[in-house]
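Each chain, letter by letter, is given below.
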Amino acid sequence: MGKGAKTKLMSRWYEHVASRNCWGCGSHPVELAHIKALVSQKTGEPLNRRAGINEWAVIPLCPQCHRVGKQSIHRLGEAGFFIRIRLTQGEAVQAWASMFAPFIAENAVLDPRKR
């Protein structure tokens, strides 16, 4: 997949996530929050937040749950925020994957001329 096709697909993914309700409180509109819960299967270390698959690792959060509120992901950190919304980090990754996998299966095409 060429860079242009990746960028176009990623833009559609971001729009798809932005159409969802906030994971923290269910409200809308939302911002995209990059999560770092994805880890390397080789080392077990968190993957770089905005490289490779983690570029795609975004969840929908309203401004209050993302960065403004006292209970936001930026104030509590990912682990604390996921505890607040009653998810383990593993469950959060599974929830993200359950959004991502069907989107990619439906939208990804190896030849960008077919889109």
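Above this text sits the structure in question.
Presented here is a report on the structure given in the accompanying data block. Everything numeric here is computed off the predicted structure, so don't read it as measured data.

1. Notes on the packing of aromatic side chains
So, point 1. Here the structure, examined in full by the defined rule, presents five aromatic pairs.
So, point 2. Grouped by ring-pair contacts, the aromatic residues Trp13, Trp56, Trp96, Phe100 and Phe103 constitute a single cluster.

2. Focus on the nonpolar core
So, point 1. Counting 25 residues, the largest nonpolar core has Trp13, Trp56, Ile59, Leu61, Phe81, Phe82 and Trp96 as its most contacted members.
So, point 2. Taken together, the elements giving at least two residues each to this core come down to helix H1 (3–18), strand S2 (58–61), helix H3 (73–84) and helix H4 (89–107).
So, point 3. A per-element tally of this core places H4 first, with five residues.
So, point 4. Beyond its immediate chain neighbours, meaning those up to four positions away, Trp13 contacts Trp56, Val58, Trp96, Met99, Phe100 and Phe103.

3. Some words on the pattern of salt bridges
So, point 1. Taken as a whole, this structure holds one salt bridge when the rule is applied.
So, point 2. The partner of Arg67 in a salt bridge is Glu31, with the nearest N and O atoms 2.6 Å apart. Separated by 36 residues along the polypeptide, Arg67 in helix H2 (residues 63–68) and Glu31 in strand S1 (residues 31–34) bring together distant segments of the chain.
So, point 3. Taking the relative accessible area as the measure of exposure, Arg67 reaches 43% and is therefore partly exposed.

4. Some details on the pairing of S2
So, point 1. Burial along S2 is two-sided: the face carrying Val58 and Pro60 and the face carrying Ile59 and Leu61 are both buried.
So, point 2. Here S1 pairs with S2 via four bridges, running antiparallel. When the sheet's bridge partners are listed, His34 is paired in S2 with Val58.

Calculation rules
- Residues numbered from 1 in each chain as written.
- Predicted model: local features only at pLDDT ≥ 70, side-chain atom pairs only at ≥ 80, totals over all residues.
- Heavy atoms only, no water.
- Phe/Tyr/Trp six-rings, centres within 6.5 Å; stacked < 30°, edge-to-face > 60°.
- Core = buried A, V, L, I, M, F, W, Y, C linked by side-chain atoms within 4.5 Å.
- Buried < 20%, exposed > 50% of the residue type's maximum accessible area, 1.4 Å probe, protein only.
- Helix = DSSP H or I, 4+ residues; strand = E, 2+ residues; numbered from the N terminus.
- Contact = heavy atoms within 4.5 Å.
- Salt bridge = Lys/Arg side-chain N within 4 Å of Asp/Glu carboxyl O.
- Pairing = 2+ DSSP bridges.

By themselves, these figures tell us nothing about what the structure is for.
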